[in-house]
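Chain by chain, the residues:
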Amino acid sequence: MVFRQRGRPDVRAVDGVGFSVAPGETVGLVGESGCGKSVTSLAVMGLLPRRGVRVEGSVSFDGTELLSLPPDKLRTLRGRELAVVFQDPMTSLNPVVPVGTQVTEVLVRHRGLNEGEARKEAGDLLRRVGIPDPSRRLREYPHQLSGGMRQRALIATALACRPRLLIADEPTTALDVTIQAQILELLKTLVAESGTALILITHDLGVVAGMCDTVHVMYAGRIVERASRHDLFGAPRHPYTGGLLASVPRLDQPRGTRLEPIAGSPRDTIPWDRGCAFAPRCPNRVEECTSATPELLGGHHGLRCFNPLRSGPVREVTPR
Amino acid sequence: MTSNGTAEPGEPAPPDGAAGSAGPAPSNGAAVPGEPLLSVRGLKVHFPIRKGTLLQRVVGHVRAVDGVDLEVRRGMTYGLVGESGCGKSTLGKAVLRLVEPTAGTVVFDGVNLALQGPEPMRRLRRNMQMVFQDPLASLDPRQSVESALTEPLRAHGFPGDRSKRVRELLDIVGLPAGAAGRYPHEFSGGQRQRVGIARAIALNPDLIIADEPVSALDVSIQAQIVNLLEDLQEQLGLTYVVVAHDLAVVRHVSDVIGVMYLGALVEEAPSDELYAEPLHPYTIALMSAIPIPDPEVEERRRRILLTGDLPSPVDVPPGCRFHTRCPFRQPTRCAEESPDLREMRPGRKVACHWAEEIATGTIRAAASAQDPTATEVGAPAVQ
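Everything numeric in this text was worked out from a predicted model, so none of it was measured. (Residues numbered from 1 in each chain as written. Chains lettered and ligands numbered in written order. Predicted model: local features only at pLDDT ≥ 70, side-chain atom pairs only at ≥ 80, totals over all residues. Heavy atoms only, no water.)

Draft legend 1. Spatial organisation of the pairing of strand S3 (residues 26–30) of chain A. Residues and elements named next belong to chain A. Counted residue by residue, S3 has 5 buried out of 5 residues, so it is predominantly covered. With 5 bridges joining them, S3 and strand S9 (residues 197–202) adopt parallel strand pairing. From the neighbouring strand, Leu 29 faces S9, where its bridge partner is Ile 201. Here 4 bridges tie S3 to strand S10 (residues 214–219), and the two strands are oriented parallel to one another. Within S10, the residue paired with Leu 29 across the bridge is His 216. (Buried < 20%, exposed > 50% of the residue type's maximum accessible area, 1.4 Å probe, protein only. Helix = DSSP H or I, 4+ residues; strand = E, 2+ residues; numbered from the N terminus. Pairing = 2+ DSSP bridges.)

Draft legend 2. Geometry of the packing of helix H6 (residues 145–155) of chain B against helix H8 (residues 189–201) of chain B. Residues and elements named next belong to chain B. In contact at an axis separation of 8 Å, H6 and H8 are set at 25° when each is read in the N-to-C sense. With respect to their mutual orientation, H6 and H8 come out roughly parallel. H6 and H8 meet at a crossing whose hand is right-handed. Listed contacts from H8 to Val 145, Ala 148, Leu 149 and Pro 152 of H6 are Val 195, Ala 198 and Arg 199. Of the residues contributing to the contact of H6 with H8, the split by class is 6 nonpolar, no polar and 1 charged. (Axes fitted to C-alpha atoms, helices over the stretch in contact; angles between N-to-C directions. Parallel < 35°, antiparallel > 145°, perpendicular 65-115°, else oblique. Left-handed = near helix turned anticlockwise from the far one by under 90°. Contact = heavy atoms within 4.5 Å. Nonpolar A, V, L, I, M, F, W, Y, C, P; charged D, E, K, R; others polar.)

Draft legend 3. Main features of the confidence of the model for chain B. All names here are of chain B. Looking at chain B as a whole, the pLDDT averages 85, with 87% of positions reaching at least 70. In this model residues 1–32 is a low-confidence stretch, pLDDT under 50, and it forms 48 contacts with partners more than four residues away in sequence or in other chains. For residues 370–383, every residue scores under 50 in pLDDT, and the model assigns this stretch 32 contacts once sequence neighbours within four places are set aside. (pLDDT = per-residue confidence, 0-100.)

Draft legend 4. Molecular detail of the state of the cysteines. Throughout the structure, instances matching the rule amount to 0 disulfides over all chains. Summary of cysteine pairing: Cys305(A) is not part of a disulfide, and the nearest cysteine sulfur, belonging to Cys282(A), is at 5.9 Å. Among the cysteines around Cys86(B), which has no disulfide bond, Cys320(B) carries the closest sulfur, lying 15 Å off. Residue class for Cys86(B) comes out buried when judged on its relative accessible area of 1%. (Disulfide = S-S within 2.5 Å.)

Draft legend 5. Local environment of helix H9 (residues 219–236) of chain B. Residue and element names in this part refer to chain B. With 18 residues, H9 should reach 26 Å at 1.5 Å per residue; the first-to-last C-alpha distance of 26 Å fits that figure. Counting buried positions along H9 yields 15 of 18 residues, so the element is predominantly enclosed. Once H9 ends, the next one or two residues include Gly 237, with phi positive near 60°. (Expected span 1.5 Å × (residues − 1).)

Draft legend 6. Looking closely at unusual backbone geometry. With a phi close to 50°, Glu170(A) is a non-glycine residue in the positive phi region. Turning to its location among the elements, Glu170(A) is positioned in the loop between strand S8 (165–169) and helix H8 (177–194). In this structure Glu170(A) comes out as buried when scored by relative accessible area, which is 7%. For Arg97(B), which is not glycine, the phi torsion reads 60° and is therefore positive. With respect to the helices and strands, the residue Arg97(B) is situated in the loop between helix H3 (88–95) and strand S4 (103–108).

Draft legend 7. Up close: the confidence of the model for chain A. For chain A, the mean per-residue pLDDT works out to 86, and 94% of the residues sit at or above 70. In this model, residues 312–320 of chain A is a region of pLDDT below 50 whose contacts with residues beyond four sequence positions or in other chains number 18 contacts.

Draft legend 8. Quick look at the sheet that holds strand S12 (residues 348–350) of chain B. Residue and element names in this part refer to chain B. The 8 strands lie next to each other as S6-S7-S8-S3-S9-S10-S12-S11, forming an open sheet whose pairing is mixed. Where the open sheet ends on each side, the last strands, each with one partner, are strand S6 (128–131) and strand S11 (342–345). Averaged over neighbouring strand pairs, the angle between their axes works out to 20° when direction is ignored. Two elements, S11 and S12, share 3 bridges in a ladder whose sense is antiparallel.

Written as structure tokens, this is what we have:
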């Protein structure tokens, strides 16, 4: 995917990212700001502007190619079969329309319910996502709801048509941890009960560890490591993944161990066609890293690295 | 402009001295020469809510900080945690009198700050500085780093060569000397936070209040700043109050942690003990809600889910302020009588009527929140 802006060199935001999600599966896209994880989700949903952006490749949903789908067909699919929850519910909800109307709108448009049925269904939805007193909340405007409740209302909207694919883009980043726990629990139940496929985009390794079946670690627009969560956290192979894990303090570890930060910042990068984008920050850098482009190799545990970590910095887990 | 070199500050120093590695017997007083540097008693910050255009009647108060006692010993780090809106940032600002406290006393190094007039207060401020969350917002975009660092030196009449001091400060926080002539937007987030820290330590303060010092930064950068703060404490003998919502970070840097809920401290404990054995129901729930980046651990954990949202600080619930969401709530007493922050055992303070019973397991969490089978949320429900 290439972003173009007149008078400036093209920006390659996402490059050769590929993954698949099965029904009832949760796939995680992890990475720091600017790594292209959100743009990937927008491209999948066809939500990027048509002008100035070139999207190449293929997005196949249950056999349908989404990228070449005409806009009206895509619109029918979106909301009904595909749904997305963004990080900031305040910008996703319309501030001048009551929450109820925003939920019923989806039901009327996609499930063909009449106004009365839709209101009843909307009330049920809000109750299911854990909003107390739903009939009152339906009449209220987004600003009258707390952050956690807004996010839950948004999830209710996304769930209104029982989508088969849900993309959650940093769904809990703006929320407090106790609310985060509630929302994650809700998403988990949803996946387990309805067999929805979930793509979870986050920067929080802890959230990934508790939620995802498969994890894709992205860096500078490409997937650098891909593994099941147990493999990824148990034995990370890419120096970036290992670095991320070593740089976050853990609550269940004894205190007093010094953190091992990754040197530099995500800005220190080289273009992928001249080598590995992570090379300038990489402790495992070898000569090849700045002269050739590493490929994503290996099926089950995919890796894009010339000199991976031998045995990852697996830390002893102290049983409690 | 690679900042590769900036990640390794001078010599590797052990994390915050002996205090952190106190080991099996965390004896606070023994490890560090710890006379209290800061002592806060009954601190309250209430913001009036006014209504009407002309008369501006006061119709209520936001009780942002509602009676907090705490003591920070010299050379130690006190961590304040809590969710958004619990008053932790307001408390930090009230200590420095950046917002005026409504009631209570703040004694800093033997001086009662509330009694100081504007000029003595201004002079005292050189000893207590603040590091803010978002350095892009707290640094003037049109002011070069040199100018930003010289300003406190000039304001407080720093004797000696100011530009030498600026170079020295840049070196201490791990920025190249060439950074002096540059502007905030030219730096990455981590480097900007280094500038913010350099400005805070410019006048050799005793106390630094750091309000969410790493939460605006990328994960890989957070550790750099955390390590820098620890090194500076070692080198300069600083005392920190770290205000943050990320408990893992706070626990990593702090010696003592205070947990705030709705304007009050509900628990205070040495940071090693807080995770091992949280005593207050809110702390228990908070700890169990924090995701740990390890699937093995996540699957075994028991999660206690709180229901509902944080009540408004305008309408603090009567009795125990946590009773509306507490999974361990007991009839009548919790709703009627407000528990004091009491010392349950040496070093462990908790504001709960039933802390002993909860600790021994006599009182269990309500079935909705905790059920031997239902709480195994880490279990692979998703497979």
